[in-house]
Amino acid sequence: MDAGKKQIERNWSVPAGAKDAGNLVVRIHIALNPDGTLSGPPRILDQSRMGDDYYRAAAESAVRAIYESEPLKLPPDKYESWRDITLTFDPKEMLGG
């Protein structure tokens, strides 16, 4: 799944000016079809934080990145391991921290 995550992260950007950007870790659950397309909408797991404008902007940006990355190019023979996954978007990893 690392290959798929890298495909998505290329399309993700942390909201400019976000306070405590390092704490804007967003977890999103996705379900995929064998061709790498989404089988349903991405689901933001930490809904309780969606009232925070910066978190919501980061989460919405991550969802957009997932849609922009469709279809993911993943090994078909490993479908059982990547058909139902949770992605973690961590600005610290993106910024090399």
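What counts and how
Residues numbered from 1 in each chain as written. Predicted model: local features only at pLDDT ≥ 70, side-chain atom pairs only at ≥ 80, totals over all residues. Heavy atoms only, no water. Helix = DSSP H or I, 4+ residues; strand = E, 2+ residues; numbered from the N terminus. Buried < 20%, exposed > 50% of the residue type's maximum accessible area, 1.4 Å probe, protein only. Contact = heavy atoms within 4.5 Å. Areas by Shrake-Rupley, 256 points an atom, 1.4 Å probe, with all protein chains shown as cover. Core = buried A, V, L, I, M, F, W, Y, C linked by side-chain atoms within 4.5 Å. Phe/Tyr/Trp six-rings, centres within 6.5 Å; stacked < 30°, edge-to-face > 60°.

Asker: Can you break down the overall build of the protein residue by residue, with the values?
Answerer: Along the protein, the regular secondary structure elements total four helices and three strands. Counting from the amino terminus, helix and strand elements in the protein follow one another as α-β-β-α-α-β-α. For the protein, with 97 residues in total, the buried portion stands at 38%. Taking as baseline every contact in the protein between residues at least 6 positions apart, the subset at least 24 positions apart corresponds to 76%. Split by element, the accessible area of the protein, about 5600 Å² in all, is 48% carbon and sulfur.

Asker: Before we move on, can you summarise the nonpolar core with the specific residues and values?
Answerer: Core analysis: the biggest nonpolar cluster contains 25 residues, and I28, I30, L32, I66 and F89 have the highest contact counts within it. Among the secondary structure elements, those contributing two or more residues to this core are β1 (26-31), α2 (53-68), α3 (79-82) and β3 (84-89). When residues of this core are assigned to their parent elements, the largest contribution, seven residues, is made by α2. Dropping the residues within four chain positions of it, L32 is found in contact with T37, L38, S39, L72, L74, Y79, W82, R83 and I85.

Asker: I'd love a proper account of the environment of E80, names of residues and values included.
Answerer: Along the polypeptide, E80 turns up in helix α3. A relative accessible area of 60% means that E80 is categorised as exposed. When the C-alpha positions of E80 and P34 are compared, they lie 9.1 Å apart, and in sequence the two are 46 residues distant.

Asker: Could you give an account of the packing of aromatic side chains, with specific residues and numbers?
Answerer: The full count for this structure, using the stated rule, is two aromatic pairs. Ring geometry for Y79 versus W82: centroids 5.0 Å apart, planes at 85 degrees, classification edge-to-face. Here the residue Y79 and the residue W82 both occupy positions in helix α3, the gap between them amounting to three residues, near one helical turn. Comparing Y79 with W82 shows no difference in burial state: the two are buried.

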